[in-house]
Amino acid sequence: MLHRIRTEATKLGFGVVIGRSDNGTSRRNAFVTLTCKRSEKYILHFQKLKRDDTGSRKCECPFRLRGYLLANNKWKFNVICGLHNHDLSQKLVSHPITCRLLPDEKTCVSDMTLSLVPPKNILASLKRKRPENTSNIKQVYNMRYQSKLALMGDCTEMQHLIKLLDENNYVCRHRRGDDGVTLRDIYWTHPDSIKLFNTFPTVLIIYSTYKTNKYILPLLEIVGVTWSEKTYFVGFSFLECGKQDKFAWALEVYRSMLKDQEDMFKVIVTNRDTSLMNLVATVFHTSYALLCNYHITKNVRSRVKPAVGTKKIACENQKLVKAKIMDAWNVIVNASIKEIYADAVLKFRNVCVKYPNIMKYVESTILGQVKEKFVCAWTTKRASNLGSDSSKCGCTILKAYGLPCACAIFEKMKVDCPIRMNEVSNHWKRLGFEDDGKTKEERSSISILTEWEAMQERFLKADDNTKLHIKERLRKIAFPKTTDLKPPSQPVKTNGT
């Protein structure tokens, strides 16, 4: 009955709330009083508000309904006052009462949240199932938050995180702060990612993003590439800050996951993060450090748009000018030899003759400093580790892919010699990552028997305080979800103060 009354009130343009109610006693019957959501008067609290232009929906609306529970267990409602002292709304959008989710809708939001459905798609699905639904995205976010709290139960954020990582067999490493409790840096990856990492360690892509979480921690991602040019995630790291020592710890952890330290990465691609660029040469000294063409081109495009927009050019001509500049830039990036690169730079200068700021940025910041790390005229030579150059074919296939090029195949055909397997890079010979070539007995050869016996001997000889300390350390290893780790402190929000 209450749901029906609220539905009819919503159609008329106002919301209904419960003013008073009683479940009934031996002396009185159960009753409920329904009022307009804008009834009563707002009581001002004795506190100084941050803003003076605040208001309230309360306007002492006199609308009243009163319902009684009869002897036959049926409800009877009487209209005490059917008048409103305010205008009825045409659309009840963003009203707290009418935007509430039904119990079935709350369950649907929880289930779709577990399935990683985006909030906007959840809201669209709810409105498709019930067209009269007036809920907004805020209700969806609130329900998602409540669902996550219900899943966590009595666990803290860090306990719940460590519990999920342990239940799904993730490999996790972390460092604590100076207080011994606050989390400083954390790394995690899946066992299958480690297998892929050890199978295809030829090319790595390292990328760091900032200010994408509530703790404002840098997120370091490392992605690998298989022989079929498919990408896979090597691991993720949240770091305390973007300083060089933090990145050094994360890269050392990634390196420790590699079983064969001699089979080091051939090429490592990063964005223009100075800390990452400096560390690649230190941690992975045998690898070639390259830069991502996508991010460099994106930076150039961000400079082109405002520079062209400041000129008094028609909108259609602006698009043509931007396209012409970016086409000239792409010719520079894809130049295969230095002669073509020099001609492309001259052409780019001619195109940007009216835009000196663009040319100054490109020459001084990009081409003058890091052209060897992303222009094809240098990257193909830097990646070469087999064979000799041929002016006729360029040996591009050999340098970039580790496969015999046209001139090498021609030489084989002249002497009627087959292509040997050792002439093909190991990157192309690995068809799977489930079997690493070891038997089951060899995989399980790692044992802690010696350490366990030494620890037991030390435990028996220690005093009570030391025994409690050893027990506490073992408890954290055996039961990860009981960790005493605390999340990093969130930055103080200063907006509105």
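Structure first, text after, so check above.
Residues numbered from 1 in each chain as written. Predicted model: local features only at pLDDT ≥ 70, side-chain atom pairs only at ≥ 80, totals over all residues. Heavy atoms only, no water.

Colleague: Sorry if this is basic, but what is going on with the side chain of S237 here?
Modeller: Tracing the chain through its elements places S237 in strand β9 (residues 231-238). Taking the relative accessible area as the measure of exposure, S237 reaches 0% and is therefore buried. In terms of polar contacts, S237 uses its side chain to reach the side chain of Y254, at 3.3 Å. (Helix = DSSP H or I, 4+ residues; strand = E, 2+ residues; numbered from the N terminus. Buried < 20%, exposed > 50% of the residue type's maximum accessible area, 1.4 Å probe, protein only. Polar contact = N/O pair within 3.5 Å; in protein donor to acceptor, adjacent residues only side chain to side chain.)

Colleague: Please explain the packing of aromatic side chains as it appears in this structure.
Modeller: To describe a pair of aromatic rings, you give the distance between the ring centres and the angle between the ring planes. Scanning all chains against the criterion turns up eight aromatic pairs. Taking the centre distance of 5.8 Å and the plane angle of 25° together, the rings of W188 and F236 count as stacked. Pair noted here: W188 is in strand β6 (residues 183-189) and F236 is in strand β9, with a separation of 48 residues, a long-range link. Taken together, W188, F233, F236 and F238 form an aromatic cluster joined through their ring pairs. One residue, R303, lies across the ring of Y361, its end atom 4.1 Å from the ring centre. In this structure, K467 is placed above the aromatic ring of F459, and the distance from its NZ or CZ to the ring centre is 5.5 Å. (Phe/Tyr/Trp six-rings, centres within 6.5 Å; stacked < 30°, edge-to-face > 60°. Lys NZ or Arg CZ within 6 Å of the ring centre and 35° of its normal.)

Colleague: Honestly, the side chain of D185 in this entry has me stumped. Any pointers?
Modeller: Within the element layout of this structure, D185 appears in strand β6. The class for D185 is buried, based on a relative accessible area of 0%. Side-chain polar atoms of D185 contact the side chain of R175, separated by 2.7 Å. In this structure the side chain of D185 is engaged in a polar contact, spanning 2.7 Å, whose partner is the backbone nitrogen of E240. Apart from residues lying up to four places away in sequence, D185 is in contact with R173, H174, R175, F238, L239, E240, K246 and W249. (Contact = heavy atoms within 4.5 Å.)

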